[in-house]
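Residue-level structure breakdown
As a plain string of letters, each chain reads:
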Amino acid sequence: MDALDRLAEPGLDLLRRVDQLLAAGAPEGHRLWPLLRRMQVLPGDALRDFLDLHPAPLAAAGHAVRRLVPRYDDACAALTDPALWSGPAASAYDEARAALLRHLDEGPESLVGRLESTAGYADALAQWVDGSRLAVARVLAEVVGSAEAVRVHAATAPGAAPGPGTRAAAEIAARVLAVLGVAYDGAETLLRQWSPSLAESTWRGPAGGAVRYDGTLRVGR
């Protein structure tokens, strides 16, 4: 359980009240409006969705991907020794063997390279979730104990009129959605940064096109 988990209950209760007050709209010209248009969600719903994000499954996925690399190492080891026979068929086999080694583990575009990139992306996402949860926990701690929260609770008490509680709710909503917006910007940035390294690994056949590998070995031009 992290800081956000500990603040989830009071945070959700406050934001439920905030959403209630904002159901009829925020004050005209308030800084909340651009955030609402961008996020397309009220802060209570936004927090509920965000609470489902945890770093542990992503970190575990990265570890699981890395555990596959030794299997590729074993396959490469089996292909390392050249053929002990000669002739056109041996030459064709040797070219195919070298091409397969490149495809398996030579550079970032190889299968091992893509595995390592996938694991790295999972690690980066886990770190993003961890940092974002801390940022959201901090803003929740601030708003739960704020003067605006007192006004929101008063305005949502049984029989109370919204009155100034609407503006207080808008202030809290703006602070929470701003932090969540920064968090989601971080996720989009990670995707842009890692996308080139996550592309499908394409087969790089032998030079000169003497051999083509498509599940069987074909000799000839």
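Structure: above.
Everything in this summary refers to the structure shown in the same document.

Criteria and thresholds
Residues numbered from 1 in each chain as written. Predicted model: local features only at pLDDT ≥ 70, side-chain atom pairs only at ≥ 80, totals over all residues. Heavy atoms only, no water. Helix = DSSP H or I, 4+ residues; strand = E, 2+ residues; numbered from the N terminus. Buried < 20%, exposed > 50% of the residue type's maximum accessible area, 1.4 Å probe, protein only. Expected span 1.5 Å × (residues − 1). Arc of directions from axis to C-beta. Contact = heavy atoms within 4.5 Å.

With respect to the helices and strands, A56 occurs in helix α4 (residues 55-66). Taking the relative accessible area as the measure of exposure, A56 reaches 54% and is therefore exposed.

Phi at Q40 is positive, roughly 60°, even though this residue is not glycine. Among the structural elements, Q40 can be located in the loop between α2 (32-39) and α3 (43-50). On the basis of relative accessibility, which here comes to 64%, the residue Q40 falls in the exposed class.

The periodicity of an α-helix, 3.6 residues per turn, causes residues three or four places apart in sequence to face the same way. End to end, helix α5 (residues 69-80) covers 16 Å across 12 residues, agreeing with the expected 16 Å (1.5 Å per residue, within 8%). Along α5, the residues classified as buried are V69, C76 and L79. Looking straight down α5, one finds that the buried residues subtend no more than 80° of arc, so they occupy a single side. Away from the buried face of α5 by more than 90 degrees, exposed residues R71, D74, A77 and A78 are located. In the core, the buried residues of α5 are packed alongside α4, α6 (88-105) and α7 (111-144).

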